[in-house]
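Structural description and commentary
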Amino acid sequence: MVVAATQSNFVTRPRLVDIYPASKVLDCPECGGEMVLRESHKYNRPFYGCINFPHCRATHGAHPDGKPLGIPGDAQTKRWRMAAHDALDPLWGRDEEKLHPQVRKRYRRSVYWWLGEMLGIHNIKEHCHIGLFNIEQCQQVIALCQSTSRQQILEWQAERMPKPKKKRHRRPPRYAHY
């Protein structure tokens, strides 16, 4: 009697690497192990967790495509980054529900541009993220945010932004010749 191999009817779960192409293996800042991409069922988004869980409870956020949110930091660095966000985010209106989303986006862009200039960051779009900052930079962010307001930042930006030229309104000719 010959036994034929048959395919099983169970469905295999896709690997996270296939779902999130931008994922990578990170170094754990707490224990030195590896941090791999996991899925949070509570928040319905990916995150990086240490492979030595539950002995090491280090985690790090991820974009929806699996790309890490900055550089993983130890517990003290994470606390300083959260404090920096708590100081910076009200300047662009994170919790102001009455702000129109486009206005909030413009404020956020202005605040981060201002912050990058104040910290001397050259490529602001790529490198001015609190997730990339160390403890000293987070302390500088907190000090800068405590000494300014949104209005001062917007005035600072208005001084540096080139004013768009007004378009001259031209009337069409009175008698068009076709």
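This section reports on the structure supplied with the text. Since the model is a prediction, treat every value here as computed from it, not as a measurement.

1. Things to note about the nonpolar core
The biggest cluster of nonpolar side chains holds 23 residues, and the ones touching the most others in it are Leu-88, Leu-91, Leu-115, Cys-128, Phe-133 and Val-141. Listing elements by their share of this core, those giving two or more residues are α2 (75-92), α3 (101-119), α5 (135-146) and α6 (150-160). If you tally residues by element for this core, the top one is α3, at 6 residues. Core analysis: the next-biggest nonpolar cluster, separate from the first, contains 9 residues, Cys-28, Tyr-48, Cys-50 and Ala-58 among them.

2. Things to note about the state of the cysteines
Applying the stated criterion across every chain yields a total of 0 disulfides. Free cysteine: Cys-31, not disulfide-bonded; nearest cysteine sulfur from Cys-50 at 3.4 Å.

3. A closer look at the packing of aromatic side chains
All chains considered together, the criterion is met by 1 aromatic pair. Ring centres of Trp-113 and Trp-156 lie 5.3 Å apart, and the angle between their planes is 65°; on these two criteria the pair is classed as edge-to-face. One end of the pair, Trp-113, is in helix α3; the other, Trp-156, is in helix α6, with 43 residues separating them in the sequence.

4. Structural notes on the pairing of strand β2 (residues 34-40)
As paired elements, strand β1 (residues 26-27) and β2 share 2 bridges and run antiparallel to each other. Residue pairing across strands places Leu-26 opposite Met-35, the latter belonging to β2. The turn joining β1 and β2, which pair antiparallel and follow one another in sequence, is formed by 6 residues; a positive phi near 85° is taken by Gly-32. Where β2 meets strand β3 (residues 45-50), 6 bridges bridge the pair, whose relative direction is antiparallel. Each residue of the ladder has a partner; that of Leu-37, found in β3, is Tyr-48. Counting the residues between successive antiparallel strands, the hairpin from β2 to β3 contains 4 residues, one of them, Asn-44, with a positive phi of roughly 60°.

5. Digging into the pattern of salt bridges
All chains considered together, the criterion is met by 4 salt bridges. When the shortest N-O distance is used, the salt bridge between Asp-95 and Arg-94 registers 3.4 Å. The class for Arg-94 is partly exposed, based on a relative accessible area of 34%. Put simply, Glu-96 and Arg-150 hold a salt bridge, and the shortest N to O gap is 2.5 Å. Of the two residues, Glu-96 sits in the loop between α2 and α3 while Arg-150 sits in helix α6, which places them 54 residues apart along the sequence.

6. A short note on the side chain of Thr-148
Position of Thr-148 among the secondary structure elements: in the loop between α5 and α6. A polar contact is formed between the side chain of Thr-148 and the side chain of Gln-152, at a distance of 2.9 Å.

7. Digging into the sheet that holds β2
Strand pairing in a sheet takes place through backbone hydrogen bonds and is either antiparallel or parallel in direction. In spatial order, the strands read β1-β2-β3-β4; together these 4 strands make up an open sheet with antiparallel pairing. Of all strands in the sheet, those bounded by a partner on one side alone are β1 and β4 (59-61).

8. As for the pairing of β3
Strand direction decides the pairing type here: β3 and β4, joined by 3 bridges, are antiparallel. Opposite Tyr-48, over in β4, you have His-60 as the bridge partner.

Conventions we followed
Note that residues are indexed from 1 along each chain, following the sequence as it is written. Only residues with pLDDT of 70 or above have their local features reported here, since the model is predicted, and side-chain atom pairs are shown and tallied only from 80 upward, although totals for entire chains, interfaces and linings are computed over all residues. Each side-chain value is worked out from all heavy atoms of the structure, with water and hydrogens disregarded. The definition of a nonpolar core used throughout is a set of buried Ala, Val, Leu, Ile, Met, Phe, Trp, Tyr and Cys residues joined through side-chain atoms within 4.5 Å. Only protein chains enter the accessibility calculation, which uses a 1.4 Å probe; a residue whose area is less than 20% of its type maximum is buried, one above 50% is exposed, and one in between is partly exposed. Only DSSP runs of H or I covering at least 4 residues are called helices, and only runs of E covering at least 2 are called strands; the numbering of each starts at the N terminus. Count a disulfide wherever a pair of cysteine sulfur atoms falls within 2.5 Å. The pairing test for Phe, Tyr and Trp rings, Trp by its six-membered ring, is centres within 6.5 Å, and the orientation test on the planes gives stacked under 30 degrees, edge-to-face over 60, and tilted for anything in between. Here, a strand pair is defined by DSSP locating no fewer than two bridges between the strands. By definition, a salt bridge exists where a carboxyl oxygen of Asp or Glu is found within 4 Å of a side-chain nitrogen of Lys or Arg. By the criterion applied in these results, polar contacts are pairs of N or O atoms within 3.5 Å in which, for protein atoms, one can donate a hydrogen and the other can accept it, and in which residues neighboring in sequence qualify only through two side-chain atoms.

On their own, these measurements won't tell you what the molecule is for.
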